[in-house]
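Overview (structure and organization)
Here's the letter readout for the chains.
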Amino acid sequence: MTDLPPLQALRCFEAVARLGSVTRAAEALHVTHSAVSQQLRQLEALLSLALFERAGRGLRLSENGRLYALQVRDALGDIAQATRLLRVRPREGDLVVSVIPSFGLHWLLPRLPRFAERHPQERIRLQAGLDLQDLLRQGGADVAIRMGHGPWAGLGQQHLFDDELLMVAAPHFRGGRLPATPAEVLACPPVRSAESWAPWCDAVGLPEPPPRTGLWINDSNLTLEAVRLGQGVALERLSLVHGLLQRGELVALTDVRVPYAYPYWLVWPATGGRRAPPQAFADWLAAEVALYRQELGAPPSPALSPLAPRP
């Protein structure tokens, strides 16, 4: 690569082009003013082009310099991204678990310390994501927790549990004067995400709130934070709010719960000779699901002990 200039010269050039000053570029790079100037002179000599026009004591990008700066900035960004990806690449022996962000935050993460206690030799690397293709790529996740109906081509899958939807609010919502009936709940400002309110409204025999009312958010984590801050009521998955209810950060507004349409599954690549999920994690997850169902007063699920591939 004889056309490749020194990396330090490119970094200095990009910084000066972006910040418009040798002095500010030197401060950003933690080097001296003269060091930056020297790198610019060397780069221009190598290219046999003027990258800057001198205007008094200042510098202004030439047309060649402007075009070059755009390309150099993109190239340096690609190098930085490649370095970040390499740094976070799983080490040999890591168990890479891909998980839906909301489920990972509210259900899985609080339980992971128990896995570490039981399996101190195992190291888990969590990857937040929604795409099942993560499991099919070479070097992708070893196992994932997803919602859906299945089956998924190329993946082994095991049903974990079905979820429910319920109405929740912050205990301080409306100064603590919480709605006591379904009609009062639906008269409150709604905080809505992707979950349809139709099944819950059908269950209580009332029409849905007008679609133009309330706050709409496309992420369950933001929805729950808005509710926790007292900005309205929300219909959310029990798996996400269970811990918040136990800690008193949210309260259930009625006893009405409706089934959630998409069960949770443990999935893993069924290619390359792997026909079962990583055993230690699968067994631990089965035990955690059993404990969770016990906390809810739900009957145990025989399909979860032990985990087995779905036919």
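Every value quoted in this text rests on a predicted model; they were computed, and no experiment measured them.

So, how was this worked out
- Residues numbered from 1 in each chain as written.
- Predicted model: local features only at pLDDT ≥ 70, side-chain atom pairs only at ≥ 80, totals over all residues.
- Heavy atoms only, no water.
- Phe/Tyr/Trp six-rings, centres within 6.5 Å; stacked < 30°, edge-to-face > 60°.
- Helix = DSSP H or I, 4+ residues; strand = E, 2+ residues; numbered from the N terminus.
- Buried < 20%, exposed > 50% of the residue type's maximum accessible area, 1.4 Å probe, protein only.
- Lys NZ or Arg CZ within 6 Å of the ring centre and 35° of its normal.
- pLDDT = per-residue confidence, 0-100.
- Contact = heavy atoms within 4.5 Å.
- Pairing = 2+ DSSP bridges.
- Axes fitted to C-alpha atoms, helices over the stretch in contact; angles between N-to-C directions.

We now examine the packing of aromatic side chains. Under the counting rule described, the total for this entry stands at 14 aromatic pairs. Ring geometry for W107 against Y292: centres 5.7 Å apart, planes inclined by 85°, an arrangement best described as edge-to-face. One end of the pair, W107, is in helix α5 (residues 101-108); the other, Y292, is in helix α12 (residues 279-296), with 185 residues separating them in the sequence. Accessibility expressed as a relative area gives 2% for Y292, which makes it buried. Taking 5.9 Å as the distance between ring centres and 65° as the angle between the ring planes, the aromatic pair formed by F115 and F281 counts as edge-to-face. Of this pair, F115 sits in helix α6 (residues 112-118) while F281 is found in helix α12, placing the two residues 166 residues apart along the sequence. Judged on exposure class, the residue F115 and its partner F281 are both buried. An aromatic cluster of three or more residues is present, and its members are F103, W107, F161, Y264 and Y292. For the cation-ring pair, R111 lies above W107, with the distance from its terminal atom to the ring centre recorded as 4.1 Å. The ring of W197 has R192 sitting right over it, with the charged end atom 5.5 Å from the ring centre.

Right, let's talk about the confidence of the model for the chain for a bit. Caution applies to low-pLDDT parts of the model: their predicted coordinates are not meant to be read in detail. Per-residue pLDDT for the chain averages 86, and the proportion of residues at 70 or more is 86%. Mean pLDDT values over the elements of the chain span from 60, in helix α7 (residues 133-136), up to 97, in strand β7 (residues 164-169). Under a pLDDT of 50 for its full length, residues 303-311 has, in the predicted model, 21 contacts with residues more than four places off or in other chains.

Our focus in this paragraph is the sheet that holds strand β11 (residues 251-259). Spatial ordering of the open sheet is given by β10-β7-β11, a layout of three strands whose pairing is antiparallel. Each having just a single partner strand, β10 (234-237) and β11 make up the two edges of the open sheet. Within the sheet, the average angular offset between the axes of one strand and its neighbour, ignoring direction, is 30°. Against the sheet, helix α10 (residues 220-228) engages β7 and β10, with an angle of about 130° to β10.

Now for the sheet that holds strand β6 (residues 155-161). Read from one edge of the open sheet, five strands run β4-β3-β5-β12-β6, paired in mixed fashion. Since the sheet does not close on itself, it has two edges, and those belong to β4 (124-128) and β6, each with one partner. Strand after strand, the sheet turns through a mean of 25° between neighbouring axes, direction not considered. As paired strands, β6 and strand β12 (residues 264-269) are joined by six bridges and run antiparallel to one another. Across the sheet, residue Q158 finds its bridge partner in β12, namely L266. Set on the sheet, α5 makes contact with β3 (95-99), β4, β5 (143-147), β6 and β12; between it and β3 the angle comes to about 110°. Here α12 sits on the sheet in contact with β3, β4, β5, β6 and β12, set at roughly 25° to β6.

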